[in-house]
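# Notes for the structure review
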Amino acid sequence: MSEHETNPEKPEKKSLFKRMKEGLQRSTQALSEGVSGIFTKRKLDGETLQELEDLLIMADMGLDQAAAIAEAVGKGRYNKEVSPEEIREILAEEIAAVLAPVEKPFEIDSSKKPFIVLVTGVNGSGKTTTIGKIGAKLKAEGKSVMFAAGDTFRAAAIDQLKIWGERIGAPVVETKVGGDAAGLAFEAIDRAKAEGTDVLLIDTAGRLQNKAGLMAELEKVVRVIKKRDPEAPHLSLLVLDATTGQNAINQVEVFKETAGLTGLIMTKLDGTARGGILVALAGRFGLPVHLIGVGEGIDDLQSFNAKNFARAITGAQK
Amino acid sequence: MFENLQDRLSGVFDKLTGRGALSEKDVDEALREVRRALLEADVALPVARAFVEKVRTRAVGHEVLKSVTPGQQVVKIVHDALVDTLGAEAAEISLNAPAPVAIMMVGLQGSGKTTSTAKIAKRLMKREKRKVLMASLDTRRPAAQEQLKVLGEQNDIPTLAIVEGQEPVAIARRAMEAGRLGGYDVVLLDSAGRLHVDEALMAEITQVRDLAHPHETLLVADSLTGQDAVNVAEQFQSRIGLTGIVLTRTDGDGRGGAALSMRHVTGVPIKLLGTGEKIDELEDFDPRRIAGRILGQGDVVSLVEKAAETIDAEKAERMARKMKKGQFDLDDLAEQLQQMGKMGGMAGVLGMLPGMGKIKKQLGQAQLDDSIFKRQAAIISSMTKQERRNPKVLNASRKKRVAAGSGTSVPEINRLLKMHRQMADMMKQMGKKGMKGLFGGMGGGMGGLMGGGMPEMPSDPKEAERLLQQMGGSGGLPPGLGSNSIAGGGLPGLGGPGGLPGLPSGRGKKK
């Protein structure tokens, strides 16, 4: 990725799309081949649409969203012979239409110093790794970054973030294992203020959304952050694992209420043949999607682009 | 957010009551609902299809028993088929091999391998009295090896010393060597998270397998996984060969359809369930529980277990004696509120009850959350002993004092008192009737907690609706609430929603 210093615009865009397309290769294959299987030399009718709906369900799109999109695809096209290529195009457009309102890049408002980002999620969704990668990106943009190691529960979570801190040269505010996460956030904000840090990224312990006690703890973290800065957290992000099924909807619902979510990050999209859950979430909550993870490398954490994403997962060519 | 299958089917079958046997057409219609329910629970589509066919053959021509509705009948058939598919017999971790027995843990990133490794190690040490060594082969994620080491230190489980820069295959070799030399019975190999499509990493784990010859290769999989669960399980099975599945995060509120998908495509048993973050939160697999969840029937077994765990038997007995006499004072109410909190709050309890999903949501909308319990507890703790024992003495000036002391208002106190009165009345009635049902044996703690005066689930939906309104005024009763639980008449005594304590009436209506 060294070429984007010489020519920042075009090559980067292209390579990013390529990266995403490669990452989403399996989704592409599943949907694209599925569409070919259904629509080759067949008319669009109730039966083929039902099969299309099934295909979308298999992409984790959820029953309602799958039905809505299948219906939109069928509208005005009944009993016509539509080629698989056309269907892919239409499908990409319909999906892009659902996703377009939630496409919003991850942006730092530099008038807010420190710009405070709270990162939450269930266990194992990839919070710490995502924070490390975001930190690396911000550093590369010349911003100063500080991490708050708020996962005081999982063994070695603090160490994990410290390794990221060393890698990119960002200070890590930490407390002892089992320490108070809210107190740590408080301390980190003070330190970031004192040191004039641009961005403070606060990690939290993974928690399942149905654990009342843990969610209350998260609520407290948010409350304490607000005490230091009423506008903060400037971003409250939920990290979602793309392999998660329909439970992702519950996750967003509860975290939204508890942590006042402002946006989503979806990780591990490369492993799954799916990605449809993003469409289901967009249709239901309309929360901005800032970043998607399509691989393990730092550059695999990308800005979310609705059109590209829709084209990548449907295998639309243009 | 999900309706349970029973509710759905009762809609389909309402028009059918009185017929002798299920016709093919009835079954077709019902099975569409079954399919939907399975898909909503994240059962993979091909698996759902195959499963529905299995149910069809069982259901067609099935005699409808007089006592149950066709809907219940189909639910029972589906439930039984689920239990069959999930594996009716328990499969434990096998250590039946020459020591050191290697157990290899594999799975996607973030599925819970390291935590599960430590849990299994602890279990084998404690229950089987085995000497266990853990080794982390995860050289990719920062501090992953450290994580296992810390877990080992916290729980007195030996771990293989970390050697910087060593590759997974070399670590595995060293671990097996250390296992032999150290006289260990079991060596647990915790591998790095990998995508089932990552060729290089899959090749690497195959090398580890060929070297360590694991007697058990366990796929650690998140029970919240979506449609892709089939591919994950299939790939790991075909590339590495699995002997069992460990299902993690079953303490979440996912429906767990992934369990059915994975079991179906791999044919290997689900051996263990991860049920929490703590080291001892690992349980034997129970197909009935998972089946109930997939169907949205709630997890009654867990509720009972949780109640048994958290309710102090002695306290419960004292409560039962008091209730028999018709005494139920504010101290008792405070205790009930506390119990409720311990069991995960109202949402926690409701979430485990069959058919309560919708109510839970309505409660959320009406903002009847658990903070009410806390406020009520605060009100009670601001009262004098005398007031708590005999709330009648609370006059206006006392109420003002209590309101100021607890940071609440007089109307809130009045609501609490009214609720207490209603509960006390119910207790009295129940004291007369005696306590039947499931929770009777538990000395009343549970009965009081769940229903107060509801020895049996109301069989009439109207009755249930009335109770719901009494409870929070959230209105809009989900269909089929009043019907009994599945599989053999269900569990009596699981108090309807009627008497959940702590729900000031009227608040929902104001919203």
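The structure displayed is predicted, hence computed values, not measured ones.

## Topic: the overall build of chain A
- In terms of regular secondary structure, chain A is built from 12 helices and 8 strands.
- For 318 residues, the compact-globule estimate of 2.2 N^0.38 gives 20 Å, and chain A sits close to it at 21 Å.
- Projected onto the principal axes, the alpha-carbon positions of chain A cover approximately 65 × 50 × 35 Å.
- Across chain A, contacts joining residues at least 24 apart in sequence account for 76% of those joining residues at least 6 apart.

## Re the overall build of chain B
- For chain B, the count of helices and strands is 23 helices and 7 strands.
- Sorting the 511 residues of chain B into buried and exposed places 56% on the buried side.
- Restricting the contact set of chain B to residue pairs at least 6 apart, pairs at least 24 apart contribute 75%.
- Accessible surface computed for chain B: about 20,900 Å², of which carbon and sulfur atoms make up 49%.

## Details of the environment of B:M105
All names here are of chain B.
- With respect to the secondary-structure elements, M105 resides in strand β1 (residues 101-106).
- Taking the C-alpha atoms as reference, M105 lies 9.8 Å from S136; in sequence the two are 31 residues apart.
- Not counting residues up to four positions away in its chain, the partners in contact with M105 are K113, S116, T117, I120, L188, L189, D190, S191, L218 and V220.

## Describing the confidence of the model for chain B
Residue and element names in this part refer to chain B.
- Taken as a whole, chain B shows an average pLDDT of 75; of its residues, 67% reach a score of 70 or greater.
- Of the regions scoring below 50 in pLDDT, residues 434-511 engages in 168 contacts with residues more than four places distant in sequence or in other chains.
- Quick note on the complex model: pTM equals 0.72, ipTM equals 0.83.

## Some remarks on the pattern of salt bridges
Residue and element names in this part refer to chain A.
- What the rule picks out here adds up to 35 salt bridges over all chains.
- A salt bridge links R228 to D190; the nearest nitrogen and oxygen atoms lie 2.8 Å apart. Pair noted here: R228 is in helix α9 (residues 212-228) and D190 is in helix α8 (residues 181-195), with a separation of 38 residues, a long-range link.
- Relative accessible area serves as the criterion here: at 28%, D190 is assigned to the partly exposed category.
- Measuring nitrogen to oxygen at the nearest pair gives 3.0 Å for the salt bridge that ties K268 to D241. Here the residue K268 occupies a position in the loop between β6 (263-267) and α11 (276-285), and D241 occupies one in strand β5 (residues 235-241), the gap between them amounting to 27 residues. Residues K268 and D241 agree in their burial class; the two are buried.
- One continuous salt-bridge network, built from bridges that share partners, spans R42, E47 and E51.

## Observations concerning the packing of aromatic side chains
- One pass over the structure, following the stated rule, counts 1 aromatic pair over all chains.
- Positioned over the ring face of A:W164 is A:R167, at 4.7 Å from the centre of the ring.
- Stacked on the ring of B:Y184, the Lys or Arg B:K131 has its end atom at 4.7 Å from the ring centre.

## Section: the UniProt feature "domain: SRP54-type proteins GTP-binding" (unreviewed entry) in chain A
- Here, UniProt's "domain: SRP54-type proteins GTP-binding" (unreviewed entry) annotation points to residues 288-301 of chain A.
- Counted over residues 288-301 of chain A, helix gives 0% and strand 43%. Its end C-alpha atoms are 16 Å apart.

## Looking at the sheet that holds strand β7 (residues 289-293) of chain A
Residues and elements named next belong to chain A.
- A sheet is described by the order of its strands in space; here 8 strands give the open sequence β3-β2-β4-β1-β5-β6-β7-β8, paired in mixed fashion. Two strands bound the open sheet, and with one partner strand each, they are β3 (172-173) and β8 (301-303).
- Here 3 bridges tie β6 to β7, and the two strands are oriented parallel to one another. Within β7, the position partnered with I265 by the bridge is L291.
- Strands in contact with α8 are β1 (115-120), β2 (145-148), β3 and β4 (199-202); relative to β2, the strand with the most contacts, it is inclined by about 165°.

## With respect to the interface of chain B and chain A
- Taken together, the contact pairs 39 residues of chain B with 45 residues of chain A.
- Between chain B and chain A lies a buried interface of about 3,600 Å² when both sides are counted; carbon and sulfur atoms form 54% of it.
- The tally of links between chain B and chain A comes to 5 salt bridges.
- Among the salt bridges present, the one from A:K211 reaches B:D251, with a minimum N-O distance of 2.6 Å.
- The interface formed by chain B and chain A holds 19 residue pairs in polar contact (both at pLDDT 80 or more) in total.
- The set of elements that each furnish at least two residues to the side of chain B that touches chain A consists of α2 (24-40), α3 (45-59) and α6 (144-155) of chain B.
- Here the side of chain B that touches chain A is built from residues that sort into 13 nonpolar, 12 polar and 14 charged.

## Topic: the nonpolar core
- Within the largest apolar cluster, 147 residues are counted, with the highest numbers of intra-cluster contacts made by A:L281 and A:I292.
- Of all the elements, helix α4 (residues 70-86) of chain B adds the most residues to this core, at 8 residues.
- Each of domain 1 (3-86) and domain 2 (101-293) of chain B contributes no fewer than three residues to this core.
- Apart from the residues within four sequence positions on either side, A:I292 is in contact with A:M20, A:M266, A:L269, A:L278, A:D300, A:L301, A:Q302, A:F304 and A:F309.
- Counting 26 residues, the second largest nonpolar core, distinct from the first, contains A:V119, A:L235, A:L291 and A:L301.

## Comments concerning the pairing of strand β2 (residues 132-136) of chain B
Residue and element names in this part refer to chain B.
- For β2, a buried count of 5 out of 5 residues is recorded, marking the element as mostly surrounded by other parts of the structure.
- Burial along β2 is two-sided: the residues V132, M134 and S136 and L133 and A135 are all buried.
- Pairing analysis gives 5 bridges linking β2 to strand β3 (residues 186-190), with the strands arranged parallel. By the bridge assignment, V132 is partnered in β3 with V186.

## What about helix α10 (residues 257-266) of chain B?
- Among the 10 residues of α10(B), 8 are classified as buried, and the element is accordingly described as predominantly covered.
- Residues of α10(B) that are buried include every one of B:G257, B:A258, B:A259, B:L260, B:S261, B:M262, B:R263 and B:T266, and no others.

## A few points about the sheet that holds β1(B)
All names here are of chain B.
- The strand order across the open sheet built from 7 strands is β2-β3-β1-β4-β5-β6-β7, with neighbouring strands paired in mixed fashion. At either end of the open sheet lies a strand with only one pairing partner, and these are β2 and β7 (282-284). The sheet shows a mean angle of 25° between the axes of neighbouring strands, taken without regard to direction.
- Both strand β4 (residues 216-222) and strand β5 (residues 244-248) contribute to a ladder of 5 bridges, which runs parallel. Residue pairing for β5: V220 is matched across the bridge by V246.

## Brief notes about the packing of helix α7 (residues 168-181) of chain B against helix α8 (residues 199-212) of chain B
Residues and elements named next belong to chain B.
- Closest axis-to-axis distance for the α7/α8 pair is 9 Å, and the angle between their directions is 20°. Between α7 and α8, the interaxial angle falls into the category roughly parallel. The crossing of α7 and α8 is right-handed. The residues of α8 that touch α7, namely those facing P168, V169, A172, R173 and M176, are E204, Q207, V208, L211 and A212.
- In the contact of α7 with α8, the residues fall into 7 nonpolar, 1 polar and 2 charged.

Rules used throughout
- Residues numbered from 1 in each chain as written.
- Chains lettered and ligands numbered in written order.
- Predicted model: local features only at pLDDT ≥ 70, side-chain atom pairs only at ≥ 80, totals over all residues.
- Heavy atoms only, no water.
- Helix = DSSP H or I, 4+ residues; strand = E, 2+ residues; numbered from the N terminus.
- Rg over C-alpha atoms; globule rule 2.2 N^0.38 Å.
- Contact = heavy atoms within 4.5 Å.
- Buried < 20%, exposed > 50% of the residue type's maximum accessible area, 1.4 Å probe, protein only.
- Areas by Shrake-Rupley, 256 points an atom, 1.4 Å probe, with all protein chains shown as cover.
- pLDDT = per-residue confidence, 0-100.
- Salt bridge = Lys/Arg side-chain N within 4 Å of Asp/Glu carboxyl O.
- Phe/Tyr/Trp six-rings, centres within 6.5 Å; stacked < 30°, edge-to-face > 60°.
- Lys NZ or Arg CZ within 6 Å of the ring centre and 35° of its normal.
- UniProt positions renumbered as here; feature names shortened; annotations may be inferred.
- Pairing = 2+ DSSP bridges.
- Axes fitted to C-alpha atoms, helices over the stretch in contact; angles between N-to-C directions.
- Buried area = accessible area lost by both parts, 1.4 Å probe.
- Polar contact = N/O pair within 3.5 Å; in protein donor to acceptor, adjacent residues only side chain to side chain.
- Nonpolar A, V, L, I, M, F, W, Y, C, P; charged D, E, K, R; others polar.
- Core = buried A, V, L, I, M, F, W, Y, C linked by side-chain atoms within 4.5 Å.
- Domains from an automatic or database assignment.
- Parallel < 35°, antiparallel > 145°, perpendicular 65-115°, else oblique.
- Left-handed = near helix turned anticlockwise from the far one by under 90°.

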